[in-house]
Each structure stands twice: as C-alpha cells, then as structure tokens.
Amino acid sequence: MAVVEAYAELARRVLAGPARLGRTRLVAVDGPSGAGKSRFAAQLADALAGPLGGRPPVVHTDDLLDGWDDQVTFWPRLDEGVLAPLRDGEPGAYRRYSWVRQCFLARPISVPVAPVLVVEGVSTARAVVRPELTLAVFVTAPASLRLARAVARDGPEILPELRRWHDGERAHFAVDETATHADLLVDGAPTLPYDADRYYVRLR
C-alpha cells in the first residue's frame, strides 16, 4: 500500500528519536542508483532546517568513492573520517573525489557535530551501521527508469560501468537485506498525485 506522508512529519520523527552516534541522530538514505535518494535526502534536510534552526549536514557517498570500483569498499573512509569522530563528539571531515580528475581533492570538507547527520548513497544503511541509525530509509524505483535517469544525468558513455554497478548493488542488497531492515521504504517513482516538495510516498 502506498501512503503519502509529509517530510515535516518525518523530520519530527527523526528529532524525537534517540541519538545513537554520539550526540548525533544518524539518518541513512539508501537504495539503488537513480532511485531518487539525493532528492529525498535534500527534502528531508530542508524539512529539518526549521526545527533545528539550520540545515543539517548531508554527506553523499558518491563523493567518497575512489572511482567505479569502490562501490561498497569506501566504508572505512566514511567511518574513520566522519562517523568515528562524531561518536566521540568531535567534528569529522572527508576529502571529495573528483570524477573529472579521478582523484581526491586536497581540501577537506568538514562535518560538524550536529543533532542530525544525513548520509545518502548506495549501502549507507548496511548492517554494520544499523545499531547507530536513528532512521534507515530505502528508496526504490523500477530498474528501467533508474537506468534512464542515470543516462540522462551522466550521458550514454557511462552505460558499461553503470550496468556493472547495477549488478554490484543488486548483489550487495541481496546479501545485506537492506530493504528488509529499513525503517522506511520509499517509492522513488510514484504515480500518485502529490506535492513532491512537501511529501513523499511511503510503501512500507
């Protein structure tokens, strides 16, 4: 059953939840590429901005990947640079990967200690971090639409790598059972009429 729900209400739910990563409520927005994770994470961060008095930090794991072959193996970079310091109540930092230059940029991006941190990307709600999550979201959409979105965004030249990426994420999600363990399953390609700036469509 699909239900239209407000980002504002979800923001209240997050803030009412326990902080399990030091003093921070960690929200993971997971799901396959092209499903709509980035949009969902942005809308939730916007909804949290009012009650928090400012937008919470959002980390996109695409910025942490050392190229196409680092699909799930990037995790130590996220954990050591961002999550571990926050566990201890200290700010974190990471260096952003440039897909154009094919290297990590020198200037670090700081991640402050905040009431909420949103981390968005494939495998962000993986089993190892579940005990520290306040909310695990899994965004889904049909494979054909996800492929079309990615090609429209990045060009047809990425198709060989993209197909290999899709195979990898399917294998990861099957072993990790990410969708099964998610607190919230979101339709990233809903057909219901709704205001996408204020609402999302929940599948479970």
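All figures in this text were calculated on a predicted structure; none of them were measured in a lab. (Residues numbered from 1 in each chain as written. Predicted model: local features only at pLDDT ≥ 70, side-chain atom pairs only at ≥ 80, totals over all residues. Heavy atoms only, no water.)

1. Side note on the packing of aromatic side chains
By convention here, two paired aromatic rings are described through the distance between centres and the angle between planes. As a reminder of what qualifies: For Phe, Tyr and Trp, where Trp contributes only its six-membered ring, two rings pair if their centres lie within 6.5 Å, and the inter-plane angle classes them as stacked under 30 degrees, edge-to-face over 60, or tilted in between. To qualify as a helix, a DSSP run of H or I must reach at least 4 residues; to qualify as a strand, a run of E must reach at least 2; elements of each kind are numbered from the N terminus. For the exposure calls, accessible area comes from a 1.4 Å probe over protein chains only, and a residue counts as buried if that area is under 20% of its type's maximum, exposed if over 50%, partly exposed in between. For a lysine, the NZ atom is tested; for an arginine, the CZ atom; a charge sits over a ring if that atom is within 6 Å of the ring centre and within 35 degrees of the ring normal.
Scanning the entire structure with this criterion turns up nine aromatic pairs. When the ring of Tyr 7 is compared with that of Tyr 200, the centres are 5.2 Å apart and the planes differ by 55°; the resulting orientation is tilted. Remark: Tyr 200 occurs in strand S9 (residues 199-202) and Tyr 7 occurs in helix H1 (residues 7-16); sequence separation between them is 193 residues. With respect to class, Tyr 7 is no different from Tyr 200; both count as buried. Put simply, the rings of Trp 68, Tyr 97, Trp 99, Phe 104 and Trp 165 touch in pairs and so form one group of aromatic residues. It is Arg 126 that lies over the ring of Phe 74; its NZ or CZ is 5.4 Å from the centre.

2. Quick notes on helix H4 (residues 143-154)
For the record, the criterion: By definition here, a helix of n residues has an expected span of 1.5 Å times n minus one.
With 12 residues, H4 extends 16 Å between its outermost C-alpha atoms, agreeing within 8% with the 16 Å of an ideal straight helix rising 1.5 Å per residue. Immediately downstream of H4, the backbone of Gly 155 shows phi near 95°, a positive value.

3. Side note on the confidence of the model for the protein chain
For clarity, the threshold we go by: Note: pLDDT gives the predictor's confidence per residue, expressed from 0 to 100.
Per-residue confidence for the protein chain gives a mean pLDDT of 96; residues scoring 70 or more make up 100%. By mean pLDDT, H4 is the weakest element of the protein chain at 90, and strand S2 (residues 25-30) is the strongest at 99.

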